[in-house]
Amino acid sequence: MEQFPLDLERFWENDTLAHAENCFSRTAPQVALGIRMSDECVFAELNEPGEPWGHTPRERRLELNRRYNDLAERIVGKRLLRETLPDPGRAFPAFRQIGEVFGGEYVFDGKTTWLRGTCSTPKELCALLDRIDRMDLRSFILPENWESEKRRIYEQYGIRPPLFRGIRGPVTLATSVFGYENLIFLIHDTPDLARRFSDTIARVILEYVRIFIEEAGQTPEHFTHGFQFNDDDSYLLTPQMYELFGFPILQKVFAFTAPDPGDFRYQHSDSPMGHLLPILARLNLTGCNFGPTLTVREIRSYMPHTRIDGQLAPFTFMSNDTDRIIAEVRRDCEMAKENNLRGVNISTAGSINNGSLLSSMRAVMYAVQIYGQYD
């Protein structure tokens, strides 16, 4: 790659140092790189058919990833994707997801899975919340073979179920099961019912957390802290609406799951989130990933101690226009160095999509090498 000359060994050595102290290390030589590509990128890179968000058979997945990694090693100096998968016998039985508690149904449309709701009026929502109030969540969530499979897996592999450490929501959950317009009108017209809806979502999330703390063999007093919200639809709410509905959920969940200063508190919303920054700043997030309409400077003005994973636009990265990619990464690196604040992890401001090529990742690395040095 003569167009973007790189000392690959040195780059990756410096990148390891750049990630220390949540990317705020004063001894880091350069801005950190968060881009590691994704499984879905193999299809365009290798010119192979497949559904990036659909099912890929196990052996084909591993074969594609190995071929992709052979290329990655030459282009960016690192094998990026997994080349082994866990023994299927280690997999715990599927449990009911939080959307199902709220009456939703997960439907695969041939390409991806969507949560579809069955509730659309305040009266139906009241009945749903009444039903959840009466629900034995543990019995509803865990399948009949859970205990026997949990025992078998522990005896055979010595592993316990993972903790419950993140959801797609809460606003995205609410819009999926109740509808976008319905939620907005509910908050505006019937705020007391909206608060009850919010309270119920928080309570159910925390019940999931507590159930899986127990299943993992930990205790509410001593468990691995941290929680992540992936909430793209939160941008649909005004600050006043979010203050009433969304913020209290995050506040309650983080208070239990991430109460200590260094605990993992994360928000991903690849949406225009500027109007909600002042509210989210009160949560003392340790990491965030917001949409490309925001700049590092804007986020940093509200969140001086939060690691910023961004702000390269995903569609810029996927366009493989290296001039534009380098310009955006240069902008982010220069903002990361303003007032020596650091704490930026160069990533896409949202998902990395199929069509994003390894040559584009190398262009990002080149821009970091040229514009992202802290000295």
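Preceding this section is the structure that the text describes.
What counts and what doesn't
- Residues numbered from 1 in each chain as written.
- Predicted model: local features only at pLDDT ≥ 70, side-chain atom pairs only at ≥ 80, totals over all residues.
- Heavy atoms only, no water.
- Buried < 20%, exposed > 50% of the residue type's maximum accessible area, 1.4 Å probe, protein only.
- Helix = DSSP H or I, 4+ residues; strand = E, 2+ residues; numbered from the N terminus.
- Pairing = 2+ DSSP bridges.
- Expected span 1.5 Å × (residues − 1).
- Contact = heavy atoms within 4.5 Å.
- Polar contact = N/O pair within 3.5 Å; in protein donor to acceptor, adjacent residues only side chain to side chain.
- Salt bridge = Lys/Arg side-chain N within 4 Å of Asp/Glu carboxyl O.

Draft legend 1. Fine view of the pairing of strand 5 (residues 227–230). Only one face of strand 5 is covered, namely the one carrying F227 and F229; the face carrying Q228 and N230 has none of its residues buried. Bridge count between strand 4 (residues 166–167) and strand 5: two bridges; the pairing is parallel. Residue pairing for strand 5: G166 is matched across the bridge by Q228. For strand 5 and strand 6 (residues 265–269), the ladder comprises four bridges, and the chain directions are parallel. Residue pairing in the sheet places N230 in a bridge with H268 of strand 6.

Draft legend 2. Layout of helix 8 (residues 146–157). With 12 residues, helix 8 should cover 16 Å at 1.5 Å per step; its first-to-last C-alpha distance of 16 Å lies within 8% of that length. As for helix 8, its buried residues are in contact with helix 11 (191–215). Looking one or two residues past helix 8, G158 carries a phi angle of roughly 70°, positive in sign.

Draft legend 3. Structural context of the side chain of D39. Its place among the elements puts D39 in the loop between strand 1 (32–33) and helix 3 (42–46). Classification of D39 by relative accessible area gives buried; the value is 17%. Polar contacts involving the side chain of D39 include one to the side chain of R82, which spans 2.7 Å. Discounting residues that sit within four places of it in the chain, D39 has contacts with R61, N65, L81 and R82.

Draft legend 4. Layout of the pattern of salt bridges. Using the criterion set out here, one finds 24 salt bridges in the structure. A salt bridge links E48 to R60; the shortest N-O distance between them is 3.5 Å. Residue E48 is located in the loop between helix 3 and helix 4 (58–75), and its partner R60 is located in helix 4; the two are separated by 12 residues in the primary sequence. On the accessibility criterion, E48 (23% relative accessible area) is partly exposed. Note on R60: relative accessible area 29%, which makes it partly exposed. Where salt bridges share partners, they join E48, R60, E63 and R67 into one cluster.

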